[in-house]
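Chains, contacts and geometry: an overview
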Amino acid sequence: MDYAVKLFLILLSSILVNNFIMSRFLGICPFLGVSKRVSTAMGMGLAVTFVIAMSSVITYLAHHFILVKLNMEYMQTLAFILIIAALVQFVEMVIQKTSPSLYQALGVYLPLITTNCAVLGVAIINIEEGYDLLQTLINGTGSALGFTLAIVLFAGIRERLEQSDIPKPMQGFPIAMITAGLMSVAFLGFQGLIK
Amino acid sequence: MVEQLLLPVVSLGGLGLLFGVALGFAAKKFAVEKDPRIDMVREVLPGANCGGCGYPGCDGLASAIVEGKAPVNACPVGGLSVAEKVSAIMGVEAAAAERKVAVVLCQGDCDKAVDKFKYEGIMDCVAAAMLQEGHKGCSYGCLGLGTCERVCPFDAIHVNEKGIAEVDREKCTACNKCVVACPKNIIELVPESSLVQVKCKSTEKGKDVKANCKIGCIGCQICVKACKFDAITFENNLARIDYDKCVNCMVCAEKCPTGAIKADFSKRKTALINDELCIGCTICKKNCRFDAIEGELKQKHTVIADKCTGCGICEKKCPKKAITLK
């Protein structure tokens, strides 16, 4: 029972409290880059969710069965990047073959995920927190859902912003930055949710 | 010491090798067969990724052409030279499709059309159209807030000082973007050779049109009767020109009481009979629907310039090719 509660807390904390973009400030690049339309933001979010969920499991296995066994924890970053890059490539090939429509929808965002620090961030945090395999999976999925939540919300706001009467010097990125800052402050409100 | 150096190199190297081999196999197993012509077509396209064709970039158009979804001359920017290269790859003749241009079918500018109210919202036609179908008295009128101007990638459409969008025929590539963007659906693509258009889209009754606009189609059907080529049809209180039948005689534009039918009279032609070739067969005279040719049998014919509309029927019918349009 305690274990189930803990899983739930991990999920909640990764989505809201420790939201990857809003409180850990990882993955800011796609957050600002692909948040002009809700539909593309959704595509990006789903692609990230898929990749993070898979990569957190595989990096967990690689860490415990290769790096720890060989006393090579210090090579963690290098090994994880290698794994993530290969994984993204593989996923891209599989999707292109099996589901061309999904491949079209994800488009260029899929290979871009390789260099997304959120993916590497989740993998490293999983190890640091000492999660087991199931917790790793939950934390990875939750973090990615948090990422999706933040980017879709932000894209929705930016779509509205485009129609608004904004002073010229503030148009485009300046107002987007301010919006992102305000959203981050708002997410700060979740901070006391879990002790 | 050596072990400490060797271990990471071997293990990570091995991992990398493993992934490399796995990806290599995966690439073979999951290889997507691609038509080699896609790459060839992509090579000859301009590569500006302007989206003027309506596909996502040149890659998108290349695959659409190869799949047969788009014609070989679909690239509006490349023009004929690109179309020829593409058709060489695809093995079909480049159909010399007539160039089209966009036309704004409204002339209700600030002098001629009445406004319902003063609009002070977001300066965008789509936004304005959501509020009571726009501020123009006529719900089919050009709102003149420049949505078409902003979507045009070729700088070919501009709202003039009287608040009506106008197309620059030279620059227009018929990319269709303004047609899609216009919330009033008053922009249409017409063949470039067509010089006469019904520049009104209002399907209101004549009285209602008149109340809001001095230059709208009031549905009097004078043009339908005036057209000697059956090129004008009438439906939903609105005249419509069949561009396949229209010969640009411009009679309808002359007769139109409101001026809703607009013709470019500066490009109107007149028939000219070459005296040396004319044998006096009277074929042209019989065929002229405007009684604009006079002359007796076996004598040289002449064109009455005032009556001639430049429809070109005589030019086609003359067996001696003695008639030219100028």
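Below: a short report on this structure. (Residues numbered from 1 in each chain as written. Chains lettered and ligands numbered in written order. Predicted model: local features only at pLDDT ≥ 70, side-chain atom pairs only at ≥ 80, totals over all residues. Heavy atoms only, no water.)

Focus on the overall build of chain B
Filter applied, for reference: Strands are runs of DSSP state E lasting at least 2 residues, helices are runs of H or I lasting at least 4, and numbering of each runs from the N terminus. Buried, partly exposed and exposed residues are distinguished by accessible area as a fraction of the type maximum, computed with a 1.4 Å probe on protein chains only: under 20%, between the cut-offs, and over 50%, respectively. Throughout, a contact is declared for two residues whenever any of their heavy atoms are within 4.5 Å. Values of accessible area rely on a 1.4 Å probe in the Shrake-Rupley scheme; residue burial ignores everything except the protein chains shown.
Counting its secondary structure elements, chain B contains 12 helices and 12 strands. When burial is assessed residue by residue, chain B has 40% of its 326 residues classed as buried. The long-range fraction of contacts in chain B, counting pairs at least 24 apart against all pairs at least 6 apart in sequence, stands at 55%. Looking at chain B as shown, the accessible area adds up to about 18,400 Å², and 54% of this sits on carbon and sulfur atoms.

A short note on the overall build of chain A
Looking only at helices and strands, chain A has 9 helices and 0 strands in total. Scanning chain A from its N terminus toward the C terminus, one meets helices and strands in the order α-α-α-α-α-α-α-α-α. Expressed as a percentage of the 195 residues in chain A, the buried residues total 45%. When the accessible surface of chain A is totalled, it reaches about 9,900 Å², and 69% of it is carbon and sulfur.

Topic: the layout of surface pockets
Selection criterion: For each structure, a 1 Å grid was placed over the protein atoms alone; sets of points admitting a 1.4 Å probe that cannot get out are labelled cavities, open sets with protein on both sides within 12 Å along at least five of seven lines are labelled pockets, and lining residues have an atom within 4 Å of a point. Grid points are joined across faces, edges and corners, and a volume is the space filled by probe spheres set on the points.
By volume, the largest pocket amounts to about 910 Å³. As for the largest pocket, its lining consists of 24 residues, of which Tyr103(A), Gln104(A), Lys34(B), Asp59(B) and Ser63(B) are closest to the centre. Taken together, the elements giving at least two residues each to the lining of the largest pocket come down to α4 (76–98) and α5 (100–106) of chain A together with α2 (36–44) and α3 (57–66) of chain B. In terms of residue count, the dominant contributor to the lining of the largest pocket is α3(B) (5 residues).

Here's the deal with the interface of chain A and chain B
What counts is decided by this rule: The buried area of a pairing is the accessible area, by a 1.4 Å probe, that goes missing from both parts when the two are put together, added over both. Any Lys or Arg side-chain nitrogen located within 4 Å of an Asp or Glu carboxyl oxygen qualifies as a salt bridge. We define a polar contact as two N or O atoms separated by no more than 3.5 Å, with the added condition that, inside protein, one atom must be a possible hydrogen donor and the other a possible acceptor, whereas residues neighbouring each other in sequence contribute only through side-chain atom pairs. Think of it as three bins: nonpolar holds Ala, Val, Leu, Ile, Met, Phe, Trp, Tyr, Cys and Pro, charged holds Asp, Glu, Lys and Arg, and polar takes everything else, Gly as well.
In this assembly, 17 residues from chain A lie in contact with 16 residues from chain B. Carbon and sulfur atoms make up 84% of the surface buried where chain A meets chain B, a total of about 1,500 Å² over both sides. For chain A, the biggest contributors to the area lost against chain B are Leu82(A), Met93(A) and Lys97(A); these three give 32% of the whole. At the junction of chain A with chain B, the criterion picks out 0 salt bridges. The interface formed by chain A and chain B holds 0 residue pairs in polar contact (both at pLDDT 80 or more) in total. By residue number, the principal contributor to the side of chain A that touches chain B is α4(A), which donates 11 residues. Looking at the side of chain A that touches chain B residue by residue, the classes come out as 13 nonpolar, 3 polar and 1 charged.

Focus: the packing of aromatic side chains
To keep things clear, this is the line we draw: Any two rings among Phe, Tyr and Trp, with Trp reduced to its six-membered ring, count as a pair given centres within 6.5 Å; such a pair is stacked if its planes are under 30 degrees apart, edge-to-face if over 60, and tilted if neither.
Enumeration according to the criterion identifies 4 aromatic pairs over all chains in this entry. An angle of 20 degrees between the planes, with centres 4.4 Å apart, marks the rings of Phe31(A) and Phe154(A) as stacked. Here the residue Phe31(A) occupies a position in helix α2 (residues 28–33), and Phe154(A) occupies one in helix α8 (residues 133–163), the gap between them amounting to 123 residues. Pairing Phe229(B) with Phe290(B) gives two aromatic rings, centres 6.3 Å apart and planes at 40 degrees, and the pair type is tilted. Remark: Phe290(B) occurs in the loop between α11 (283–287) and β10 (293–294) and Phe229(B) occurs in the loop between α9 (222–226) and β6 (232–235); sequence separation between them is 61 residues.

Here's the deal with the pattern of salt bridges
All names here are of chain A. As enumerated under the stated definition, the model contains 11 salt bridges over all chains in all. One salt bridge in this structure joins arginine 37 and glutamate 159, with 3.2 Å as the shortest N-O distance. Here the residue arginine 37 occupies a position in the loop between α2 and α3 (38–67), and glutamate 159 occupies one in helix α8, the gap between them amounting to 122 residues. Judged by relative accessible area, glutamate 159 falls into the partly exposed class, the value being 30%.

Notes on unusual backbone geometry
All names here are of chain B. Phi angles above zero are rare outside glycine, and aspartate 230 is one such case at about 50 degrees. Backbone geometry at asparagine 248 places phi at a positive 60 degrees, although glycine is not the residue there. With respect to the secondary-structure elements, asparagine 248 resides in the loop between β7 (238–241) and α10 (251–255). Classification of asparagine 248 as buried rests on a relative accessible area of 16%.

Re the packing of α3(A) against helix α7 (residues 117–129) of chain A
Residues and elements named next belong to chain A. As a reminder of what qualifies: Axis definition: a line fitted to C-alpha atoms, limited for helices to the stretch in contact. Angles are taken between N-to-C directions and run from 0 to 180 degrees. Angles are sorted into four bins: roughly parallel if under 35 degrees, roughly antiparallel if over 145, roughly perpendicular if 65 to 115, and oblique for all others. Take the far helix as the reference: if the near one is turned anticlockwise from it by less than a right angle, the crossing is left-handed, and if turned clockwise, right-handed.
Here α3 crosses α7 at 40 degrees, and the two axes come no closer than 9 Å. In terms of orientation, α3 and α7 fall into the oblique class. Considering the relative orientation of α3 and α7, their crossing is right-handed. Across from Val51, Ile52, Ser55, Ser56, Thr59, Tyr60 and His63 in α3, the residues of α7 making contact are Ala118, Val119, Val122, Ala123, Asn126 and Ile127. When its residues are assigned to classes, the contact of α3 with α7 shows 8 nonpolar, 5 polar and no charged.

Observations concerning the nonpolar core
The condition is simple: Note on terminology: a nonpolar core comprises buried Ala, Val, Leu, Ile, Met, Phe, Trp, Tyr and Cys residues joined through side-chain atoms within 4.5 Å.
Of all hydrophobic cores here, the largest spans 49 residues; its most connected members are Met22(A), Phe31(A), Met44(A), Phe80(A), Ile113(A), Ile151(A) and Phe154(A). Ignoring sequence-local partners within four residues, the contact set of Met44(A) consists of Pro30(A), Val34(A), Tyr109(A), Ile113(A), Asn116(A) and Ile151(A). Core analysis: the second largest hydrophobic core is formed by 39 residues, Leu195(B), Val196(B), Cys217(B) and Val251(B) among them.

Concerning empty space enclosed by the protein
Residue and element names in this part refer to chain B. The final tally for this structure, using the stated rule, is 8 cavities of 30 Å³ or more. Counted as a void, the largest cavity has a volume near 110 Å³. Surrounding the largest cavity, 16 residues form its lining, Cys106, Cys138, Cys200, Cys213 and Gly216 being those nearest its centre. Taken together, the residues of the lining of the largest cavity sort by class into 9 nonpolar, 5 polar and 2 charged.

Describing the state of the cysteines
Residue and element names in this part refer to chain B. Spelled out, the test is: In this description, a disulfide is simply a cysteine sulfur pair whose atoms lie within 2.5 Å.
According to the stated counting rule, one finds 0 disulfides over all chains in the structure shown. Free of any disulfide, cysteine 125 has its nearest neighbouring cysteine sulfur in cysteine 148, separated by 6.1 Å. There is no disulfide at cysteine 308, and the cysteine sulfur nearest it, in cysteine 314, is 6.1 Å away. What makes cysteine 308 buried here is its relative accessible area of 14%.

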